[in-house]
Amino acid sequence: PLTFILTGIPGLLMSSYWMALPLCCLYLLMLLGNCTLLWMIKTDHSLHTPMYYFLSMLAVADLGLSLSTLPTMLAIFWFESTSLRFEACIVQMYFIHSFSAIESGVLVAMAFDRFVAICYPLRYASVLMSSLIMKAGGVIFMRGICVVLPVAILIKKMPFCGSHVLSHSFCLHQDMLRLVCGDVRVNSLYGLIAVILTKGLDSLTILLSYVMIIRAILKIVSQEARAKAFSTCISHLCAVLIFYIPLIALSIIHRFGKHLPPLTHTVLADAYLLVPPVLNPLVYSWKTKQIRRRILILLRWRG
């Protein structure tokens, strides 16, 4: 059976437990942070608002994205197991790209939430009703599932010959496509279309939303009200930057950075998949008063 060889961190011994321990800590922090967010939003009725419903969707996408990479990352650094069956690699690639597209869509929904809250505050409750939020969540998840499915189907039919060594500790579409020994024009074209339909459109929508949000904020006369309105967007802006900066950097590196050392590709790919799920709960816990207050109450009760 066709088997791929995964790569750890270039220049690092596979049995380096000083690398495995921080990875385990990152995954535990990700699980603790996102599960705590979901638990608080579920149990606290004051958090049953559109903003926190979208935040719970973001936490689910972060959990899915991290858990997609968890098996191979820990297998490499804990058990020195680098081989992965072709079918398992395709499944992992599918889930990584699907949850990435879902997270991008959730960030768009959160941008729309902030746009309505600041530009049309009196219509916020009538626009963002529970039925609309459920439909938006369903569309976001279905888009992520359906758009990436042809990517997995197309690459499953490709012939692989020569080297089977991947550049990362997990399977990515661009990395697998590099090892195909047949014509990859259809795969590359659909991969580009999938990226444009998801992250391309999403980033433009978020940018347009914030252009209109900034215009609305600048029209506010009171300096204090202007600062308060902008502060409600800080957490979402941080989440957008945390997600899109590594993604854009990784895309540029894959296209134009073939001369760069392998360590650069590895670090950017790991940052793209590990950093957002770890930092998003911390950012929202730090910048959102309701969540911060609930955490403090929980810590005092435990103490």
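Residues numbered from 1 in each chain as written. Predicted model: local features only at pLDDT ≥ 70, side-chain atom pairs only at ≥ 80, totals over all residues. Heavy atoms only, no water.

Under an unreviewed UniProt entry, the name given to the protein chain is Olfactory receptor, and the source organism is Fregata magnificens. According to the UniProt record, the Sequence similarities (unreviewed entry) comment for the protein chain is "Belongs to the G-protein coupled receptor 1 family." (UniProt positions renumbered as here; feature names shortened; annotations may be inferred.)

### Some words on the overall build of the protein chain
Summing up its helical and strand segments, the protein chain has 11 helices and two strands in all. Each helix and strand of the protein chain, ordered N terminal to C terminal, gives the series β-α-α-β-α-α-α-α-α-α-α-α-α. Its C-alpha atoms give the protein chain a radius of gyration of 21 Å, near enough to 19 Å, the size a compact globule of 303 residues would have. The principal-axis extent of the C-alpha atoms belonging to the protein chain is close to 65 × 50 × 35 Å. (Helix = DSSP H or I, 4+ residues; strand = E, 2+ residues; numbered from the N terminus. Rg over C-alpha atoms; globule rule 2.2 N^0.38 Å.)

### Comments concerning the UniProt feature "transmembrane region" (unreviewed entry) in the protein chain
With numbering aligned to this structure, UniProt lists the feature "transmembrane region" (unreviewed entry) at residues 20-41, 53-79, 91-112, 132-155, 189-218, 230-253 and 265-284. Between the end C-alpha atoms of residues 53-79 there is a gap of 38 Å, over a span that is 100% helix and 0% strand.

### Things to note about the packing of aromatic side chains
Overall, the coordinates contain nine aromatic pairs when judged by the stated rule. When the centroid spacing of 5.2 Å and the interplanar angle of 85° are considered together, the rings of F4 and F160 count as edge-to-face. Here the residue F4 occupies a position in strand β1 (residues 3-5), and F160 occupies one in the loop between α5 (130-156) and α6 (173-177), the gap between them amounting to 156 residues. For the pair shown, F4 and F160 are each scored as buried. The interplanar angle of 55° and the centroid separation of 6.1 Å between the aromatic rings of F243 and Y272 together place this pair among those described as tilted. Of this pair, F243 sits in helix α9 (residues 234-256) while Y272 sits in helix α10 (residues 262-287), and the two are 29 residues apart along the sequence. Given the relative accessible area of 4%, Y272 is considered buried. (Phe/Tyr/Trp six-rings, centres within 6.5 Å; stacked < 30°, edge-to-face > 60°. Buried < 20%, exposed > 50% of the residue type's maximum accessible area, 1.4 Å probe, protein only.)

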